[in-house]
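# Structure assessment
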Amino acid sequence: MEELMLKIDSVSKLYKLGQIGGTTLRDELQRKMAKLRKKEDPTMRIGTKSHQKGETFLALDGVSFEVKRGERVGIIGHNGAGKSTLLKLISRVTAPTGGVISMNGRVASMLEVGTGFHMELTGRENIYMNGAILGMTKKEIDAKMEDIIDFSECRQFIDTPVKRYSSGMYVKLAFSVAAHLDAEIVIMDEVLAVGDMAFQKKCLNKMNDVSRQDGRTILYVSHNMSTVRQLCDRVVVLSHGKVIFDGDVESGIDRYMDIREETSQTEFDLSGKRMLYLPATVLAKMTYLRLLAKSKAVYAAGERIEFCLRVHAEKTVDNMLLRMELKYGDDSPVGTAIFAVLGAISKGDTVEYTLSFDPSLLASGNYKALFVIYEMNEFGSYNDLDAVCPAFYFTFEDGRNIHWDLNHWGHVCFPDLRAVSRELVEEARFPKEQDAEKGV
Amino acid sequence: MEEQQYFKTVITSEHKLLDLHIRETFRYRDLIFLFVKRDFTSLYKQTILGPAWAIIQPLFTTVVFTIVFGNLANLTTADAAGDFVLPGFLFYMAGNICWSYFSGTLTVTSNTFLSNSATMGKVYYPRLVSPIATAFSQLISFGIQLVMLLGIWVVYLVLGGTSLRVTPMLLMIPLAILQMMLLSVGCGIIISSLTTKYRDLTHAVGFGTQLWQYASPIAYGLGLIPQKYLWLYMLNPVTPIVTTFRYALFGFGYFDIGYYLLSWVVTVVVFFIGLILFSRIERTFMDTI
């Protein structure tokens, strides 16, 4: 039987809007007095209506889910969806307004690395300090001390006060302590965003090991979908304080990206999507795009994406070209198609071009396309006229019957890896070695 | 499969009045120890004189008190009217080290939530750990000062010329220290609980403790207080602590079992009100601080 580690049962958290903390006792007394005398609140800002006072904000609204032992759950959602509030409640930084959170075992929260580090103390002293704050006893820390120092890559500086550390060392040390905790439930809030790439990778691997070998439960909050993919085996999507999705990682991420809704669209107004690097007045601009022969932007293998693009010229352009950059749903670049020759366009004209593109090299997934139109002069130098991101969204289903591992395989499936010949050889040696032996 | 599963920790929105997290705080005793060590080492880091500062401060205050209150103002240093008049230096020093412990602990603990909000906002540990650690780290300075006072006391005793006595009352010193800790922490955590919402009190703490000092027999002996107002004066729980401390050390002074017990009652009540308030506030103080 899989043991339940964490049970969140219709938890809600209410915040009072406006001035909560930071008011003075005098203000509060004045307010009370005014209320008694049924007069208007004297501490209120001019222009605010009295019903706005005491407005509340539900940061979490009836959130329920359960987490079993060894699960690695990613919690994603847009800013203000309530992710951090939820983690704060689970890690007991603040109490819920309603509902029950039940936990089995110790919780180690890494809401911020280096919590409780003291600048004047040495690395070693801070390990004790940090460990103790996170709930370990001195004995437990002693047993892990060597591992922690090794993992942090800071052995050389371990007896130096941390105020002399570089920020990278500081973070490495802090993460090492947290990663070696004996807690059954580990909570991480984007702590991996710090440190260099190699160390980030090391951290992710460490967390993976910890979860697989020791059966620890991990709750991970991040906006970085690629780390969520690497670490988590389940995703809970929050939106406006509610759980809107709970299930497998890819569908969760799609839900978070709102891609499902976007692909139902086939007509796009491009005028508002101009990229910022362009000058305020452009020579030519893309105004409108329509996908042809489709009611939904979902393409299967063998289909070409056909669309119609409208361009309006403010000035005459002699040689206009179009480049299409493809991005995956999480904004990671996939590849670029160059270039469609749109040719000359004269001042004041609006021209509709029909274009087509073959997506068959792509792996299944949700993509977005970024369009750039540019002008090339006779010397081969070019000048961007207009760029829109994203021009349109589409979903591609490749029909290949394999599980595509996005993290390691990327987004492109090359055609034709061919076995050209087959030959039986005697020894599994490198040919060079054999040559060397023959030579002597 | 069991339907009902047992959970070790359950967090709800309700709060029991007497849920004070005492056992949990005890489990974090290593953290208390580390906080004390941190406070103490960081206090004297990058100083030349180091812990000697713990001695220098009361020494100078005592010299000033001896000159100003003893010689210029000529205030009595006897706790009981007509009793043996203690040497000014010893008298003021005993009062000063008590008061500096009391006011120091009170001031620091009254800032518990505000000064630790960065850590407390990120990770849970029993919040009571912080004020307890403060009480102990202040106790180290107090210990150093007490040793110095005992040294001077021995010098006085050996040189003779005074009638200092060693009495069984000496055994009361640990009790006096304990009471001092409870009272200062109690007051401190009450103030810290109230300041999460209203910062006004932080301003009051500074001069409040100063005024409180003048309401306590630190700069003058209890003998100065007219007999008919004595009962009012003794309501201040610090008074019996200080007079008992001096009586225990020097063998002379004022000790009334009634007032003494009363001050203990006040201390315990203040301490428990503090605990209850503190455990109420600690759950959600991050939302209002």
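Small disclaimer: the values here were computed from a predicted structure and weren't measured.

What follows is about the overall build of chain A. Secondary structure assignment for chain A yields 11 helices and 18 strands. Buried positions account for 36% of the 440 residues belonging to chain A. Restricting the contact set of chain A to residue pairs at least 6 apart, pairs at least 24 apart contribute 72%.

The number of helices and strands found in chain B is 13 helices and 1 strand. For chain B, the succession of helices and strands along the chain, N to C, is β-α-α-α-α-α-α-α-α-α-α-α-α-α. Principal-axis analysis of the C-alpha atoms gives chain B an extent of 85 × 50 × 40 Å. Relative to its full complement of 289 residues, chain B shows a buried share of 39%.

With 39 residues of chain A in contact, the opposing surface of chain B contributes 32 residues. Looking at the side of chain A that touches chain B, the elements with two or more residues in it are β1 (4-16), β4 (98-103) and α3 (123-133) of chain A. Ranked by residues supplied to the side of chain A that touches chain B, first place goes to β4(A) with 6 residues. Its residues assigned to classes, the side of chain A that touches chain B comprises 19 nonpolar, 16 polar and 4 charged. Relative to strand β1 (residues 9-12) of chain B, β4(A) runs antiparallel, the two sharing 4 bridges.

Residues and elements named next belong to chain A. Read across the open sheet, the 6 strands follow the order β5-β6-β7-β3-β8-β9; overall the sheet is mixed. Edge positions in the open sheet fall to β5 (107-110) and β9 (242-247), since each of these has one partner strand only. Pairs of neighbouring strands in the sheet enclose a mean axial angle of 15°, with direction left out of account. Alignment of strand β6 (residues 185-189) against strand β7 (residues 217-221), held across 5 bridges, turns out to be parallel. Across the sheet, the residue bridging to Val186 is Ile218, located in β7. Here helix α8 (residues 249-257) sits on the sheet in contact with β3 (72-76), β8 (234-239) and β9, set at roughly 20° to β8.

The next subject is the confidence of the model for chain B. Averaged over every residue, the pLDDT of chain B is 86; the share at 70 or more is 95%. Scoring of the predicted complex yields 0.73 for pTM and 0.78 for ipTM.

Looking now at the pairing of β8(A). Residues and elements named next belong to chain A. Direction of pairing for β3 relative to β8: parallel, over a ladder of 4 bridges. Within the sheet, the bridge partner assigned to Ile75 lies in β8 and is Val236. Judged from the 5 bridges that link them, β8 and β9 form a sheet pairing that is antiparallel. Across the sheet, the residue bridging to Val235 is Gly247, located in β9. The antiparallel hairpin formed by β8 and β9 contains 2 residues in its connecting segment, where His240 sits at a positive phi of about 50°.

A word on the sheet that holds β4(A). With antiparallel pairing, 4 strands are arranged side by side in an open sheet as β2(A)-β1(A)-β4(A)-β1(B). The sheet is open, and its two edges are formed by β2 (56-68) of chain A together with β1 of chain B, each paired on a single side. Between one strand and the next, the sheet's axes are offset by a mean angle of 15°, whatever the strand orientation.

All names here are of chain B. Along the polypeptide, Ser117 turns up in helix α6 (residues 117-120). A residue is classified by how many C-beta atoms lie within 10 Å of it, and Ser117, with 14 of them, is partly exposed. In this structure the C-alpha to C-alpha distance between Ser117 and Phe285, which are 168 residues apart in sequence, comes to 9.1 Å.

Moving on, we get to the confidence of the model for chain A. Residue-level pLDDT values for chain A average 80, and 84% of them are 70 or greater. Scored below 50 in pLDDT, residues 47-53 of chain A shows 6 contacts in the model against residues more than four places distant or in partner chains.

Residues and elements named next belong to chain A. Alignment of strand β14 (residues 317-328) against strand β15 (residues 333-345), held across 8 bridges, turns out to be antiparallel. Paired with Lys327 across the strands is Pro333, a residue of β15. With antiparallel pairing between neighbouring strands as the criterion, β14 and β15 make up a hairpin whose turn holds 4 residues, including Asp331 at a positive phi of roughly 75°. Direction of pairing for β14 relative to strand β17 (residues 365-376): antiparallel, over a ladder of 9 bridges. Following the sheet pairing, Leu321 is matched in β17 by Tyr374.

Time to look at the domain arrangement of chain A. Residues and elements named next belong to chain A. Along its sequence, chain A is organised into domain 1 (4-257) and domain 2 (267-397). Taken together, the contacts link 5 residues of domain 1 with 4 residues of domain 2. Among the elements of the structure, α7 (225-231) and α8 are those that each provide at least two residues to the side of domain 1 that touches domain 2. The residue inventory of the side of domain 1 that touches domain 2, partitioned by class, reads 3 nonpolar, 1 polar and 1 charged.

Quick look at the nonpolar core now. If you look at the biggest cluster of nonpolar residues, it comprises 130 residues, and the most contacted ones within it are Ile187(A) and Cys98(B). By residue number, the principal contributor to this core is helix α4 (residues 88-109) of chain B, which donates 11 residues. Contact partners of Cys98(B), with chain neighbours within four places excluded, come to Met180(B), Ile241(B), Val242(B) and Phe245(B). Leu322(A), Ile345(A), Leu362(A) and Phe392(A) belong to the second-largest nonpolar core, a separate cluster that totals 35 residues.

Moving on: unusual backbone geometry. All names here are of chain A. With an omega dihedral of -10°, the bond running from Cys389 to Pro390 counts as a cis peptide bond. Tracing the backbone through its elements, the reader meets Pro390 in strand β18 (residues 382-397). Even without being a glycine, Ser10 presents a positive backbone phi close to 35°. With respect to the secondary-structure elements, Ser10 resides in strand β1. One non-glycine residue with positive phi stands out, namely Glu153, at about 60°. Note that Glu153 resides in the loop between α4 (138-152) and α5 (167-179).

Conventions and cut-offs
- Residues numbered from 1 in each chain as written.
- Chains lettered and ligands numbered in written order.
- Predicted model: local features only at pLDDT ≥ 70, side-chain atom pairs only at ≥ 80, totals over all residues.
- Helix = DSSP H or I, 4+ residues; strand = E, 2+ residues; numbered from the N terminus.
- Buried ≥ 20, exposed ≤ 12 C-beta atoms within 10 Å, placed from the backbone.
- Contact = placed C-beta atoms within 7 Å.
- Nonpolar A, V, L, I, M, F, W, Y, C, P; charged D, E, K, R; others polar.
- Pairing = 2+ DSSP bridges.
- Axes fitted to C-alpha atoms, helices over the stretch in contact; angles between N-to-C directions.
- pLDDT = per-residue confidence, 0-100.
- Domains from an automatic or database assignment.
- Core = buried A, V, L, I, M, F, W, Y, C linked by C-beta atoms within 7 Å.

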